[in-house]
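# Coordinates in review
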Amino acid sequence: MKKSALIFISMLSLNTLMPSSFGQNTVDNVLTDKEKKDGWQLLWDGKTTTGWKSARRPEFPKTGWAVSDGMLIVMPPAQGLQSGGDIITTGMYKNFELSVDFMYTQGANSGIKYNLNTKTIIGCEYQILDDLRHPDAKAGINGNRTLASLYDLIPASKQKKDNGPDKWNTARIIVNGKHVEHWLNGEMTLSYEIGSPEWKAVVATSKFKNEAGFGEVAESPILLQDHG
C-alpha cells in the first residue's frame, strides 16, 4: 500500500529587522530574549491556528490541517473529505528572514510561497519535495523543481544538505528588497535578484511567463502549500 505523504511544521518564525543571528535556541516555538530583541517573531504559536487562514477564505480550513504535539501538519485528503487547501498568514510581510523547521514523509510535495499575488495565489515558491521519490524532481529544467529550489525557476545547489524524509530540516528564506536567498540546513542553496536580466530570462522560460509582474509584489502574506 502506498503511504500518504505528510508535511510537518515545527518552529516557524520571522524577522523583519535584518541582518540577524538566529538558531542558537533549540526549544521549539519559543524565542529567547535575544531573538526577540533582534526582531524575531513567531508566526505560529505551536498550539492553535491563530495567525493563519485559508488562502481563499476568511477562516482556517476545517479539514486537511491538524495541530498535534507541537506540530502543524498538512495531510492528504481523507475519504469523503476535501483537502484543506493552502493557508496564509493573516499578517503581511516584506524585507524579512523566515525560518521554518519542517519534516516531510516519503513522496511528499509541498512548498512555502512569498511575494504572493493574493488574487491568483501565485508567487515565488521555496520547493519542499522528496527528491528521490517524487517525479517532480525530474521535471522542469535542470532540477528547478527539487527541494530548496525556487520552484520552476532556479535550481538549488546540488551540494545541498537534505536530511531526508521523516527527519527535521530547516528552511530559511531571506528577502531584502529585490535580493532573495534560499537556505537549507544552514547552507545557502541559491540567490537571485528580482527584476534583473537573469530573473527576466528564467521567468520567460517558466510556467509563470504569462503572469504580469510575477514575484515583484513588495508585501504579501507567507503561504504554506497543501499539494494533496
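## Focus on the nonpolar core
Counting 44 residues, the largest nonpolar core has Leu98, Ile112, Tyr114 and Tyr192 as its most contacted members. For Leu98, the contacting residues outside a window of four places in its chain are Leu12, Ser13, Leu14, Leu43, Ile112, Ala171, Arg172, Ile173 and Ile222. Of all hydrophobic cores here, the second largest spans 5 residues; its members include Ala55, Ile88, Ile121 and Leu223.

## Notes on the pairing of strand S5 (residues 71–74)
Side chains of S5 alternate between two faces, with Met71 and Ile73 and Leu72 and Val74 buried alike. As judged from the 4 bridges shared by strand S4 (residues 65–68) and S5, these two strands associate in the antiparallel manner. Residue pairing for S5: Val67 is matched across the bridge by Leu72.

## Topic: the sheet that holds strand S13 (residues 223–224)
Taken in spatial order, the 5 strands of this open sheet run S3-S6-S13-S8-S9, and their pairing is antiparallel. The strands lining the two open edges of the sheet, one partner per strand, are strand S3 (52–54) and strand S9 (122–129). Note that strand S6 (residues 87–89) and S13 share 2 bridges and pair antiparallel. Paired with Ile88 across the two strands is Leu223, which belongs to S13.

## Side note on the pairing of strand S12 (residues 187–193)
The sheet contact formed by strand S11 (residues 179–184) and S12 spans 6 bridges and is antiparallel. Residue pairing in the sheet places Trp183 in a bridge with Met188 of S12. The hairpin formed by S11 and S12 contains 2 residues between the paired strands, and Asn185 there has a positive phi angle of roughly 50 degrees.

## Brief notes about the packing of aromatic side chains
How two aromatic rings sit relative to each other is set out by the distance from centre to centre and by the angle between their planes. Considering all chains together, one arrives at 4 aromatic pairs under this definition. Seen in terms of ring centroids, Trp199 and Phe214 are 5.9 Å apart; in terms of plane orientation they differ by 5 degrees. Their pairing is stacked. Note that Trp199 is positioned in helix H2 (residues 197–204) and Phe214 in the loop between H2 and S13, a separation of 15 residues in sequence. Trp199 sits in the buried class, given a relative accessible area of 3%. Residue class for Phe214 comes out buried when judged on its relative accessible area of 5%. Summarising the aromatic geometry, the rings of Phe208 and Phe214 are spaced 4.4 Å apart at their centres and angled 5 degrees between planes, so their arrangement reads as stacked. Take Phe208 and Phe214: they sit in the same class, and that class is buried. Feature note: the residues Tyr151, Tyr192, Trp199, Phe208 and Phe214 constitute an aromatic cluster, connected by ring pairs.

The rules behind these values
- Residues numbered from 1 in each chain as written.
- Predicted model: local features only at pLDDT ≥ 70, side-chain atom pairs only at ≥ 80, totals over all residues.
- Heavy atoms only, no water.
- Core = buried A, V, L, I, M, F, W, Y, C linked by side-chain atoms within 4.5 Å.
- Buried < 20%, exposed > 50% of the residue type's maximum accessible area, 1.4 Å probe, protein only.
- Contact = heavy atoms within 4.5 Å.
- Helix = DSSP H or I, 4+ residues; strand = E, 2+ residues; numbered from the N terminus.
- Pairing = 2+ DSSP bridges.
- Phe/Tyr/Trp six-rings, centres within 6.5 Å; stacked < 30°, edge-to-face > 60°.

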